[in-house]
Structure formats: structure tokens, C-alpha cells
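# Descriptive analysis of the structure
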2 protein chains.
Amino acid sequence: MKIIVDIFGGDNSPEALVKGSIDAMTERSDLEIVMVGDESKIADELKKYKHDAGKIEIIDAKDVITNDDVPTMAIKTKKESSLVKALEALKSREDICGMVSAGSTGAVLTGGIFKVGRIKSVSRPALAPVLPTKTGGNVCLIDCGANVDCRPEFLTQFALMGSCYMKAVFGIENPRVGLVSVGVEDKKGNELTKEVFKALKEMPINFVGNMEARDALTGNYDVLVCDGFVGNVLLKTAEGTAGMVMSMLKKAIMGSASAKFGSLFMKKAFGKLKNDMDYNRRGGAPFLGVEKVMVKAHGGSNDIAIKAAVLQTVKMAENNLVASIKQELDRLQNNE
Amino acid sequence: MKIIVDIFGGDNSPEALVKGSIDAMTERSDLEIVMVGDESKIADELKKYKHDAGKIEIIDAKDVITNDDVPTMAIKTKKESSLVKALEALKSREDICGMVSAGSTGAVLTGGIFKVGRIKSVSRPALAPVLPTKTGGNVCLIDCGANVDCRPEFLTQFALMGSCYMKAVFGIENPRVGLVSVGVEDKKGNELTKEVFKALKEMPINFVGNMEARDALTGNYDVLVCDGFVGNVLLKTAEGTAGMVMSMLKKAIMGSASAKFGSLFMKKAFGKLKNDMDYNRRGGAPFLGVEKVMVKAHGGSNDIAIKAAVLQTVKMAENNLVASIKQELDRLQNNE
């Protein structure tokens, strides 16, 4: 199993990307990594860790695409960038099963479509991060920002791709799909979701109906379907609110001497909470609907997040996610 | 100052509605309340509390609109309902300055438009709840569910109405308006928000640009503008996430004996946190853009929430919110 990692473009490049990749190889002895980026810098990083040099290949790339670059332009013109070289290798080489990048989201998505190519039956590939639920489970939110203006058929495909993903990577047999709306009643929604609701009812998936955003993280759903604008608002509101509650808690504790004393006994419990909420441990967001497995790690990913993203990519490739998405979409189109 | 309260239709009707109204009158000695609903039930509730009967008027209404009723139909046909009778009195009587209802949101909004009437220059009245921020302040989210499909001009009017509200009720001189989007950069957004962005730039308000949902509660904004679908998702995600973090915290504490011991010293700090996050203390969501002051309290409001909603209604009326919205919108239209 060979995975390609875009070592540059992240906030913690190259350190976290190299270390995370090595750590993933330690966990999976059958894993080989192709590292893309400035060869000498990568070699310097590699010196820090014990590793099997025979399992690491380096593709030299001197340029880097940053968040300041215009994505479409950068993919076209920065031919020597680590991202473009990684995408080209991912596309052309059959031995490479998937890719991880912590670079500019726009560039990774644009590059995925133009360099790797979308699956023919997929109208719009989508970003599908997985969030933690109250019950200790996982819920996939699709789309989360790749497509801010959507037609109904985009969302029905998101539902199918999200279901394939949760089945392949999390082993959920019959993923429960909810449609993000303004109420649980069948008739609630806007023009877009009302159309999507009707279509999802007819599809060979476990569609459980409209979902109110209050219930997004209850664990009652495995896949949440929405357009990329709404998904982005949902994801970022959840992140922002969790951060706000934690900071209000800290303030409340610091404002009281007895609470400060009490908190000494709670370090482990607070640590566990922080851990449970830690997005880093969940890897990255898969970009579903392109011809090969791609995972977009958070720009600020540390080595733990990169390790998780690499192992997640392995799992997606092992379970033939791309083939299963193709198969399900073809079946859907033949039924129609 | 006379306020009308729809005593029925809430989850805790009539108890919480009557008690909350009486408590508001205790705080504001110049306040009179018109209570609408089953006269004998209201009289029974009133017996429980010390009150000045000369300041309370009861309008008898035997019927109730529930969440199961179709809003437009219910407003047309349930003429003896507490909501319809309250709306009619609000419309026709000059001595009544504003109204509070904890009834069906759809019915309150529909009734507000059809019975009370929208301000002529307002295309779509909007629901505008206020949320707590990290810095202990308040931020108004408009629209929050009244209009799930919006044209750009609706949102520019929301921005203006939200600004008037934060100025009138919270005394903020020059409210900072953010447009809910998928990134802070000027060009980020969907078709709708890109149009709105251009229009807001030209308007006589303090428009500070696009806002990422992660920053909704940071205290960097006073008014957040979005369509009602997005606003509803943002509000409910924030509520749901706050609840999830608290329940994860509880679970982490309960799973450790030392943390459980420590938590004994933190009761006050946890209480403060719960209090700071308590939506009940913030009253209800004003329905802005109709000809009189209307506040929609949460269906599950307790007496504290009702008291807050009544006092909020008083403040909106005292500060001539409807007149100031009219003036600002007229000015905007004359400029165009």
C-alpha cells in the first residue's frame, strides 16, 4: 500500500507532515510513503527519526502553493509545486493508492478535479469531514465547502457518496442519512432541500428524513447532507461554540478560588474531554467523487492529525471506496 | 406602557406566561399587561400571586393554536384563539405598544404579517434572536428562520433592521455588521452573499465584511446577516454543540472519582457557566419589520424567560424601534 503525501503547504510543514507519515508507517508495516517537496528539507527531517528508507520515496518539488495563491491559477502555473507534482503522480501512477495534503483547501479541491479528475457519474465532488457525536460515534458532513451553490442532484449524490464512505471506513452497514433543514417535519426546508427531500425518499439509501441542526451531533445520524455553504456554517459554528464553551468554563473556574482548587482534581477529566473533542485525532476531510482517494488535512494539522489522515487514506483505499462510489452512482443512474 | 401577552400556545401555558408577566410588572411599576386566553384559567393563575388588578386586563379567548396547526390556515380560521385575538388587539388598539407570544413560530410570524402588517418598505420581516458572546456581549442573528429563500435585497434590509435593533435595545452606537459566509475574504461566498456583499458595502451602516461562522460568538460583531435557512442552522448548531460539550464534560467528570470530588468545589462556577449560556435570560426573538413590536418567546420558555421577553418588548417600544426602522428604510430607498 503506497500513499503520497504533499509535505509542503501546511502550517507545520515540513515537520508535522514528515513525522506524521513516519508514525503512520510504524503503525502499518505494509505502508510505503511517497513524500513530495523540497528534497533536501525532507531529507533533513527524515534524519530525525528511525525509519526504513526502502519504504520512502521522495519526489523533489521546490515550489509551494500557499493560501494567498488563487487556486485555479496556482494549479495551472505552479508546475513545480509540491501539490501539483503530488496530484500528477497520484493520477498517473497505479502504485499510488491515495494522497494526503494539508495545503490550501481551494487548491487541493481544484487540483483534485483538474489533475486527478472527477468520477464520470459524479456532478460535483464534495468535502466530507467526520465529526464526533455525543454518543462517542462519528457523523459525516457532506458537503462542507467545496460547492457553495448546489442543484438538487448534487445533494442526492452527496448522500450516496457519504453513505459509501461511512460504510467503507467506519463499517456502518446501513448509514442513517439526514437532510440538514430547519425542522424535522417532511415539509420543512427551503426550495433546494424540498426538492432533495423528494429525491432522497426514492433512493436506495437509509434516508431518515429532515434533520434540525440542533441534532447534528446527537449520534442519531451517520451522514448529514447539505450544500457546501450550509455545511461550512454548520461545521464552523460547532467548532466556534465548542471553543467558546471551553473558554467560558475556564473563565468561570479562574474566577473562583474554590473552583480553582477543585479543578486540580479534574485535570484528567478535562484532558479526556479535550481529547474527545480533538479534531486532530480524526484525520482529515476526504474529497469524495474524484478518481482516486484524496484526504484534505487541516492546514494547522500537527503530526498526530497527519498520522490519522494517512491511516484514514489507507483505509479508504483498502476498502475500494472509489470503486464503490462508482458502482453506487452507476446503479442510481441506471435506475432512473 | 401597555403590553399584550398571548398566555396560551406555549409549553408552559398558562403558568409561566402569567407568572412571567406579573414578575415583569413588579420590576416596572409603569407596566400594564393585557392577558389573552381562557379567562377563568388566567383568573385562577392570577390568584396565586400578589398583583395590582387595575393594571391587568383580560381578553377572553377559548381556543389555542398549536404546533400541529398549519399556520396560515390557523390564523384564518381559529378566530377565537388567544394568538389571533392578541394580534387583532395589537393591530387595532393604539394603547397597546407590543406583544409577546410563546406559541407556534409559524403562526406568530404568519399572524404578524397578515394581522399586524409589515412595514411598507420592508420586503420580508425577519426573526432576530440575540446570542451571548465570548466577551459577555450580545450579537443579533437576522434572519433566523422566517425566510428560508431570500433575494439579496431581503438581506440588506435585515442588516438595517438588525442595526436599528441593537442600537435601540442594547445602546450600541454603531453596530458592527457581519455577513455570514464561508470565509472572511471579500470574494468568499455563494451567489446570494456575493450580491449582498456588494450592496452592504454601499449602505450607511457599519459593515465590517464577510464573517466565518467560527467567529459568530467571538464578540467581534453586533449583527450577523444571513438568510433564514442559514441563520436557523447556525443558531441550532450553536445550541446543540453547547449542550453536547456540557454533557461530554459531565460524562468525563462522572467517569473519574477524583474529578467527581473536585467538582464539589466547582458547583458555583458550573452554575455561573450555565447561567451565562442560558438562553432563557435573554428573552425572545423580536420579529422585525412589522408595524408593531412583536417578540416570539421560545415555546419552552419558563417564567424567567417570559419576564425577560416582556421587558425586552417594553424596551423596544420605549425606544420607538418600529419608527426608527421605518425611517432608516425610507432613507435607504430614497438614496437609491
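Residues numbered from 1 in each chain as written. Chains lettered and ligands numbered in written order. Predicted model: local features only at pLDDT ≥ 70, side-chain atom pairs only at ≥ 80, totals over all residues. Heavy atoms only, no water.

Here we take up the overall build of chain A. What chain A contains, in helices and strands, is 12 helices and 12 strands. In terms of overall dimensions, chain A has C-alpha extents of about 65 × 60 × 35 Å along its principal axes. For chain A, buried positions account for 57% of its 336 residues. If you sum the accessible surface of chain A, you get close to 13,900 Å²; carbon and sulfur atoms cover 50% of it. Treating the 45 positive side-chain charges of chain A as one cloud and the 43 negative ones as another, the clouds have centres 4 Å apart. (Helix = DSSP H or I, 4+ residues; strand = E, 2+ residues; numbered from the N terminus. Buried < 20%, exposed > 50% of the residue type's maximum accessible area, 1.4 Å probe, protein only. Areas by Shrake-Rupley, 256 points an atom, 1.4 Å probe, with all protein chains shown as cover. Lys, Arg positive; Asp, Glu negative; His and termini not counted. Charge placed at Lys NZ, Arg CZ, Asp CG, Glu CD.)

Quick look at the interface of chain B and chain A now. Each partner contributes to the interface: chain B provides 51 residues, whereas chain A provides 51 residues. Of the roughly 4,600 Å² buried at the junction of chain B and chain A (both faces included), carbon and sulfur atoms supply 74%. Taken as a group, B:Arg214, B:Phe229 and B:Lys236 account for 14% of the area that chain B buries against chain A, more than any other trio of residues on that side. Seen at the junction of chain B and chain A, the total is 4 salt bridges. When the shortest N-O distance is used, the salt bridge between B:Glu239 and A:Arg214 registers 2.9 Å. Summed over the shared surface of chain B and chain A, the number is 8 residue pairs in polar contact (both at pLDDT 80 or more). Elements with a minimum of two residues in the side of chain B that touches chain A: β8 (176-181), α7 (191-201), α8 (228-254), α9 (257-263) and α10 (267-277) of chain B. Looking at the side of chain B that touches chain A element by element, the count peaks at 22 residues for α8(B). Split by residue class, the side of chain B that touches chain A holds 27 nonpolar, 15 polar and 9 charged. (Contact = heavy atoms within 4.5 Å. Buried area = accessible area lost by both parts, 1.4 Å probe. Salt bridge = Lys/Arg side-chain N within 4 Å of Asp/Glu carboxyl O. Polar contact = N/O pair within 3.5 Å; in protein donor to acceptor, adjacent residues only side chain to side chain. Nonpolar A, V, L, I, M, F, W, Y, C, P; charged D, E, K, R; others polar.)

To continue, consider the relation of the copies chain B and chain A. Least-squares fitting of chain B to chain A yields an RMSD of 0.0 Å, with the transformation described by 0.0 Å of translation along the axis and a rotation of 180 degrees. Between the two chains, the operation in question is that of a two-fold axis. Considering only C-alpha atoms, the residue of chain B closest to the rotation axis is B:Gly262, which sits at 2.0 Å. The fraction of interface residues of chain B whose copies in chain A are also interface residues reaches 100%, indicating that both copies meet through the same surface. (Least-squares fit on C-alpha atoms with pLDDT ≥ 70 in both.)

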